[in-house]
Amino acid sequence: MILVNKKMARKVSTWILDGNHAAAQGVKLSRVQVIAAYPITPQSPVTETLSEFVERGELDAQYIAVESEHSALAVCTSASMVGARTFTATSSHGLAYMHEMLHWAAGARLPVVLACVNRAIGAPWNVLNDQQDSISQRDTGWIQIYARNNQEIIDSIIQAYKIAESVYVPVMVCYDGYVLSHTEMPVDVPAQEDVDRFLPPYKPHTILDPANPKNYNLVTLANPRVNAEGVLCHGYMELRYLLQEALQNSRETIIRVGREFGELFGRSYASMFWEDRLDDADIVIVAMGSLAMEAIVAADMLREAGYKVGVLGLRVFRPFPKADVAKALKKSRLVVIFDKNISYGLEGATCSEIKSALYGSSVRAVIRNFIVGLGGRDVKARELVDAVNKSLLSVKEGDLNKEYPEWICDI
Amino acid sequence: MGTRNCQHICGESSPAVGEAGKTGEWRDSFPVIDQEECLPVRQNKPTCFLCWLYCPDAVISKTIPIQINMEYCKGCGICAQVCPAHAITMVNEEEFCPNETD
Amino acid sequence: MKTNAVNMTEKEYLLPGNRTCPGCALSLAYRHILKALEGQVIVTVPASCLTVLHGMYPVTSVTVPCVNTPFASTAASATGLVAGLKALGKEGVTVLAIAGDGGTHDIGIQALSAAAERQNDFLYICYDNEGYMNTGNQRSGSTPLGAISGTTPILGKQQNQKDITAIMEAHGIPYVATANASYPLDLYEKVRKARMIRGARFIHVFTPCSPGWSFPFSDTIKIGKLAVETGWVILYEVEDGIFRLTSASASIAKRDNLRPLREYLMEQGRFKNITEEQINELQGWVNTRWKRCLDRAVNL
């Protein structure tokens, strides 16, 4: 590898890793100090690999064999309060089981990092991939980042700690179960000394010291209350306002960290989403996670047929990059959004959010939403192409919007 | 005026007396110690102090004579109940007229 | 030298003016627990009366560090505190998980059982007012047979309580004990002892609740004592499997003067509808447990 910049990482080794092992390597390189992760398909290899690192002495961390996902995140939040760097991983029902704690970690402003290996939620049982699990948690106040491939998994976990510990908001790194978690691909694994340069130690904002006693996250009233020194302190709403403010402002930190990562490791993440041929596209495909790579193949096929198609691969889902999206879709007249999730009773989550980004902008594109890939249903590039063609036909009808999404399935 | 002066980003509480206000205002009766019966006073040495031990609100001092912080005493009456010398009586607040002189 | 009211430290970690009811046994128990730990503690507490005792943001009524945690997670939170302290190489502080019976017997039992099995190094104290008192006295796994509660308002509870201390003893942890706010010196000594032991430790503290059980708040200590004098509460400790009766329970055993349970039940409004059959059942349960304790105690 030719280094153009002395600051850049000196050592690079390329390994063949599946997504779970890439995630585990990211955790190890980030020198995580407390790990509590309950096994669940398809995440289990993550927690197994981490326990192996700890037992072999390769990672100096406290590994807690918790008895549930709720406890996993409870262990992480309290360890984070003390000042330790923490990690947990889960999927599907496990993420749902810790839902209460997701709210808690965000409200407590703790920089926990969680890897969500995206898997469908029952009923009925399904262990295969879709994004309903992490999408269902988008209201909890976590930063959510989606990886398209295994390189992005390891890179995102390392960046997640820098982001989380700068803005004091927990970060969820999501990647598709089986499609990425169990599929091997070449991954450049950074060297420990370079990650150490990139990631400073965690400085907690919480003090747990008998010499200076504080009580964290007590009952908080609706209205502001004066403290013993006469300072008007926040009410519940003001504390929650601060969380929203932190998420809104985190965009700057996410981009800065992504740029710094690029300067050191040669792979830049200085953008809220991945753009493929958007410059001249009037048809844009929107997708998130591994589906965003499939979308690029579909865009190739459509380009061959003469259409100007680009792909907007969503990366940061929370905070949702409204302004960036509106700008990127400026030239579009058709936006086809593929969702591996659905907010039942309405439509795919990314579709609603894209619409929210476009409302009030100058963009007057037709929007079509397709629900795909639920419960591990394979999504072929050909099917994405067909969906775009179908959407093009319907553009003639003139409806900017349809009431409900279409599904690509065998009903 | 808003709460921006408050530097907290999460609910961080600091210790202070009277978190619930002047809890002495809750009571409808208050403890009166008969110093002639109180054992530490009679013997003029540290002894007994069961009222201090059993006070749920830590408003009784381990001094001779015993002192009770009336700003915060909730009037529960436990001290009166546990005193082995029956030196403490609970007196109804209505009967107590601070402006009367003997 | 054994601690008594005269030689016990005057330093307090509970500040006057907290939100607990007048005569709150929990407030009394917590006062002595913190004294026994000399304030060298990080407390973690779930939703409970104790949360209210701690106060409302931005003011707290205790001078020890505390982490609030959701209802089911007390023991997991404590595990996290211990893990974090170990990872950072910080020593000399006891991690104290303290929850009510609701947060221990019911919603919190899974996390507690797991922490005991993992042998996590913290002290878990359950303060037991035999119901979800913070939310208005709904029945819990610790509510006795025949007791009226918010969710057993007419017929009274149809099942007796679970014996949480026996459950915790079955985990094979190095120290389990029962205690009672009405015997603060016994509680104090047990906490002091537990502080020095490594591994998972469990203390079950009986804390009568005046509004929940319907008795005058000045009677809190009396009710707690009656519970021991009738055998409803047995004061004991099991240290590395060795069973000892302590305090008033040891005296009662030696004098063989356990009083009829009825004398305890009748003092409380929550038992106003209890049937003779239920009283007999409870008396039988008390008798069986008492005999088992007498057989096991090494110090009689």
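Note that the structure is a prediction, hence the values are computed from the model and not measured.

Colleague: For this particular structure, what's the right way to read the overall build of chain A?
Modeller: For chain A, the count of helices and strands is 13 helices and 18 strands. Over its C-alpha trace chain A gives a radius of gyration of 22 Å, about what one expects of a compact globule, namely 22 Å for 411 residues. Seen through its C-alpha atoms, chain A measures out along the principal axes to roughly 70 × 55 × 50 Å. For chain A, buried positions account for 55% of its 411 residues. Considering only residue pairs separated by 6 or more positions, chain A has 78% of its internal contacts joining residues 24 or more positions apart.

Colleague: Sorry, what's going on with the overall build of chain B here?
Modeller: Of the regular secondary structure elements, chain B holds three helices and three strands. Secondary structure of chain B in N-to-C order comes out as β-β-α-α-α-β. For 102 residues, the compact-globule estimate of 2.2 N^0.38 gives 13 Å, and the C-alpha radius of gyration of chain B, at 18 Å, exceeds that figure by more than 25%. Judged by the C-alpha coordinates and their principal axes, chain B covers about 55 × 35 × 20 Å. The buried share among the 102 residues of chain B stands at 40%.

Colleague: When you look at helix α3 (residues 74-87) of chain C in this model, what are you seeing that I'm missing?
Modeller: Because the α-helix completes a turn every 3.6 residues, residues three or four places apart line up on one side. Here α3(C) spans 20 Å end to end across 14 residues, near enough to the 20 Å set by a 1.5 Å rise per residue. Just downstream of α3(C) lies Gly89(C), where phi reads positive at about 70°.

Colleague: Would you explain the interface of chain C and chain A in this entry?
Modeller: Quite often, the size of an interface is put as the accessible area lost when its parts meet. Across the boundary between the two partners, chain C contributes 40 residues, which contact 40 residues of chain A. Taken together, the elements giving at least two residues each to the side of chain C that touches chain A come down to β1 (41-45), α2 (49-54), β2 (59-60), β3 (66-68), α3 and α5 (109-117) of chain C. The element best represented in the side of chain C that touches chain A is α3(C), accounting for 10 residues. Along the lines of polarity and charge, the residues of the side of chain C that touches chain A split into 22 nonpolar, 16 polar and two charged. Note that strand β9 (residues 215-216) of chain A and β3(C) share two bridges and pair parallel. For Tyr216(A), the partnering residue across the bridge sits in β3(C) and is Val67(C).

Colleague: Help me understand unusual backbone geometry in this model?
Modeller: The peptide bond linking Thr41(A) to Pro42(A) adopts the cis configuration, its omega dihedral lying at 0°. Position of Pro42(A) relative to the elements: it lies in the loop between β2 (34-36) and α2 (44-55). Cis rather than trans, the peptide bond between Arg318(A) and Pro319(A) has omega equal to 5°. Of note in the backbone geometry, Cys48(B) takes a positive phi value of approximately 55° without being a glycine. Tracing the backbone through its elements, the reader meets Cys48(B) in the loop between α1 (39-43) and α2 (50-54). Here Cys48(B) falls in the buried class, since 22 other C-beta atoms lie within 10 Å of it. In this structure, Glu130(C) is a non-glycine residue whose phi angle is positive, near 55°. For Glu130(C), the position within the fold is in the loop between β5 (123-128) and α6 (164-169). Take Glu130(C): there are 27 C-beta atoms within 10 Å of it, and that puts it in the buried class.

Colleague: Please clarify how the sheet that holds β3(C) should be interpreted in this entry.
Modeller: Think of a sheet as strands paired side by side through backbone hydrogen bonds, with each pair either parallel or antiparallel. Pairing within the open sheet is mixed, and its 11 strands lie in the order β2(C)-β1(B)-β9(A)-β3(C)-β1(C)-β4(C)-β5(C)-β7(C)-β6(C)-β8(C)-β9(C). Because the sheet does not close on itself, it has two edges, and the strands there are β2 and β9 (242-245) of chain C.

Colleague: Sorry, what's going on with the domain arrangement of chain A here?
Modeller: Residues and elements named next belong to chain A. When cut into domains, chain A gives domain 1 (12-203 + 255-265) and domain 2 (273-407). Looking at the side of domain 1 that touches domain 2, the elements with two or more residues in it are α6 (132-135), β6 (143-146) and β7 (171-176). Sort the elements by how many residues they give to the side of domain 1 that touches domain 2 and β6 lands first, with four residues. Of the residues belonging to the side of domain 1 that touches domain 2, the class tally is 13 nonpolar, seven polar and four charged.

Colleague: I would appreciate a short explanation of the interface of chain C and chain B in the present structure.
Modeller: Counting residues at the interface gives 31 residues for chain C and 37 residues for chain B. Of the residues belonging to the side of chain C that touches chain B, the class tally is 15 nonpolar, 11 polar and five charged. With two bridges connecting them, strand β1 (residues 12-15) of chain B and β2(C) associate as parallel partners. Bridging across to β2(C), Pro15(B) finds its partner in Thr60(C).

Reading guide: rules and limits
- Residues numbered from 1 in each chain as written.
- Chains lettered and ligands numbered in written order.
- Predicted model: local features only at pLDDT ≥ 70, side-chain atom pairs only at ≥ 80, totals over all residues.
- Helix = DSSP H or I, 4+ residues; strand = E, 2+ residues; numbered from the N terminus.
- Rg over C-alpha atoms; globule rule 2.2 N^0.38 Å.
- Buried ≥ 20, exposed ≤ 12 C-beta atoms within 10 Å, placed from the backbone.
- Contact = placed C-beta atoms within 7 Å.
- Expected span 1.5 Å × (residues − 1).
- Nonpolar A, V, L, I, M, F, W, Y, C, P; charged D, E, K, R; others polar.
- Pairing = 2+ DSSP bridges.
- Domains from an automatic or database assignment.

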